[in-house]
Amino acid sequence: MATTPEHVDVLIVGAGLSGIDAAYHVQRAFPERTYALLEAREVSGGTWDLFRYPGIRSDSDMFTLGYRFRPWLGAKAIADGDDILAYLRDTAAENGIDRHIRYRHRVVRAEWSSATQRWTVTADHAGEPVTVTANFLFSCSGYYRYDEGYIPDFPGTDRFAGPIIHPQHWPGQVDVAGKRVVLIGSGATAVTLAPAPALVEQGAQVTMLQRSPSYIISLPDRDGVADLARKVLPARPAYAVARAKNVALSTAMYQLSQRYPKRMRAWIRGWQERWLPKGYDLDTHFNPSYKPWDQRLCLSPNGDFFRAIRHGKLDLVTDRIATFTESGLSLESGRDLDADIIITATGLNLIPFGGLALAVDGQDINLPDTMAYKAMMLSGIPNFAFIIGYTNASWTLKADLVCEYVIRLLRHMDANGYTKATPIRDPAIGPAPFLDFEPGYVLRSLAVLPKQGTRAPWKLHMNYLRDLPALRYGKLTDPAIRFERG
């Protein structure tokens, strides 16, 4: 190891969707500055490389999940996972970002020193510590824990004779031909897997077992407006038209769900009735206990989920598990489900900033004691930003805005000779949970996340149209952030 650590101007943690976005903005705005991306895994792509289960796809349209600076040119608006991964890697390669990625560097600790005005970041590389220093630290590792998914403590799992598979750790090719497959879960992963061609087209009889229903809606996997715009406009303007239309549509649906939940529930139910067989028991299987968009809506491209039910390839059971048995599952209702394979699409675990431990001037930071400034920086922590996307819209919409804001912040610091920018928490502003969102993976993790505040600039807005003017054009100076010269 070198005696003097490598130094970069901006250090980005993560080489997935957010990290590539951040790298593009940094090198475009500051071609003279140095930067690096530290990636824990051996390849780029983040979530889109990690998840390999059959049928994996976006649950947001690619005109908003794609980057603002690089049009999505694929035919499908709801794209397959492989196509999204290729888009990310092509973006990195075309812009030379891939040359700045250090693979198998899992960042474990970052310490800020006011004496040196820089971060000292320690990463684990194949069991050896590697140290990098940086003026600005940008966490783009999301909040999913990559090394393990969430599996409830089901009784009797050791009794089951067949394989139990979590989608986060899909073991390559799985022989399901003629097998009875029970899929536990009701979220986006389960709704994606249940009608997946890799299961149903091999002759598997799939039963989706849900403890409680989710809202499931269908959209075409192609975007008619985008297809029309592409015929009459060049690629970039056509992309902008489709992006604007989908931002407006998704924002309107969320706002209507929040303001008129009964009407939205009735609209979704009426639409499902048209897809499902006459007399289907919607009250049992499609009647969630929560309001629309209290949890993320599940997407069924071209109605594939409903088609699988209608064609007899997918059974839906709403019940609770009493215990695993040698041949499947015993349910609390007394019913038994026979299974050859059980898939536990039971959710994810969250880990903020990939498990990175932070310290400032020798004091370890307890994340729940911090408050998020503009949902992208943390109180008391200098020269640090993070990307956590929207829960009610495409992740990249928020990532693009955060990247633009960070560039503006760095330019403001350069113009005024500042070397340090620190959000300072106002003790008069009360704390609130960081995410006002009710899926299990969020509720299980609130205790380890930072807080948000009860008013701006500490309050998190899940509204792209509201964030856009504030983050892209709004003032950089306010009493809540302190700028200092070294």
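Now for a look at the structure at hand. (Residues numbered from 1 in each chain as written. Predicted model: local features only at pLDDT ≥ 70, side-chain atom pairs only at ≥ 80, totals over all residues. Heavy atoms only, no water.)

Examining the overall build of the chain
At step 1: Counting its secondary structure elements, the chain contains 14 helices and 27 strands.
At step 2: Here the C-alpha radius of gyration of the chain, 23 Å, is about what a compact globule of 486 residues would show, namely 23 Å.
At step 3: With the C-alpha coordinates of the chain rotated into their principal frame, the extents come out at 70 × 55 × 45 Å.
At step 4: In the chain, which comprises 486 residues, the share counted as buried stands at 54%.
At step 5: Sequence-distant contacts in the chain: of pairs separated by 6 or more residues, those separated by 24 or more amount to 73%.
At step 6: Only carbon and sulfur atoms are counted for the fraction: they give 51% of the accessible area of the chain, which is about 21100 Å².
At step 7: Here the chain carries 55 positive and 51 negative side-chain charges, and the mean point of each set is 7 Å from the other. (Helix = DSSP H or I, 4+ residues; strand = E, 2+ residues; numbered from the N terminus. Rg over C-alpha atoms; globule rule 2.2 N^0.38 Å. Buried < 20%, exposed > 50% of the residue type's maximum accessible area, 1.4 Å probe, protein only. Contact = heavy atoms within 4.5 Å. Areas by Shrake-Rupley, 256 points an atom, 1.4 Å probe, with all protein chains shown as cover. Lys, Arg positive; Asp, Glu negative; His and termini not counted. Charge placed at Lys NZ, Arg CZ, Asp CG, Glu CD.)

Let's talk about the layout of surface pockets
At step 1: Quantified by volume, the second largest pocket comes out at close to 750 Å³.
At step 2: Around the second largest pocket, the lining comprises 35 residues; the ones closest to its centre are Pro-54, Gly-55, Ala-196, Pro-197 and Ala-198.
At step 3: Looking at the lining of the second largest pocket, the elements that each hand over two or more residues are helix H4 (81–94), helix H6 (197–200) and helix H11 (304–310).
At step 4: Ranked by the residues each element gives to the lining of the second largest pocket, the list is headed by H6, at four residues. (1 Å grid on protein atoms, 1.4 Å probe; cavity = no way out; pocket = protein on both sides within 12 Å on 5 of 7 lines; lining within 4 Å. Points joined across faces, edges and corners; volume = space filled by probe spheres on them.)

Notes on the environment of Asp-175
At step 1: With respect to the secondary-structure elements, Asp-175 resides in the loop between strand S8 (164–165) and strand S9 (180–184).
At step 2: The class for Asp-175 is exposed, based on a relative accessible area of 52%.
At step 3: When the C-alpha atoms of Asp-175 and Thr-4 are compared, they prove to be 52 Å apart, with 171 residues separating the residues in sequence.
At step 4: A polar contact of 3.3 Å, which involves the side chain of Asp-175, links it to the backbone nitrogen of Ala-177. (Polar contact = N/O pair within 3.5 Å; in protein donor to acceptor, adjacent residues only side chain to side chain.)

Looking at the nonpolar core
At step 1: Within the largest apolar cluster, 138 residues are counted, with the highest numbers of intra-cluster contacts made by Leu-137, Phe-138 and Phe-305.
At step 2: Counting 13 residues, the second largest nonpolar core, distinct from the first, contains Phe-154, Val-182, Leu-209 and Leu-331. (Core = buried A, V, L, I, M, F, W, Y, C linked by side-chain atoms within 4.5 Å.)

Some thoughts on a nonpolar patch on the surface
At step 1: A grouping of Val-225, Val-232, Leu-233 and Val-241 is seen on the molecular surface, where their side chains present a nonpolar patch of about 310 Å² in accessible area.
At step 2: Note on placement: Val-225 falls in helix H7 (residues 224–232). (Patch = residues over 30% accessible without salt bridge, like charges linked within 9 Å, V, L, I, M, F, W, Y side chains within 5 Å. Salt bridge = Lys/Arg side-chain N within 4 Å of Asp/Glu carboxyl O.)

Examining empty space enclosed by the protein
The gaps left among the atoms become clear once a water-sized probe is rolled over them.
At step 1: Summed over the entire model, instances satisfying the criterion amount to one cavity of 30 Å³ or more.
At step 2: Taken as a whole, the largest cavity encloses approximately 70 Å³ of empty space.
At step 3: Together, Val-247, Ser-250, Thr-251, Tyr-254, Gln-255, Asn-392, Ala-393, Leu-397, Met-462, Asn-463 and Tyr-464 line the largest cavity.
At step 4: In terms of residue count, the dominant contributor to the lining of the largest cavity is helix H8 (residues 235–259) (five residues).
At step 5: Its residues placed into classes, the lining of the largest cavity shows six nonpolar, five polar and no charged. (Nonpolar A, V, L, I, M, F, W, Y, C, P; charged D, E, K, R; others polar.)

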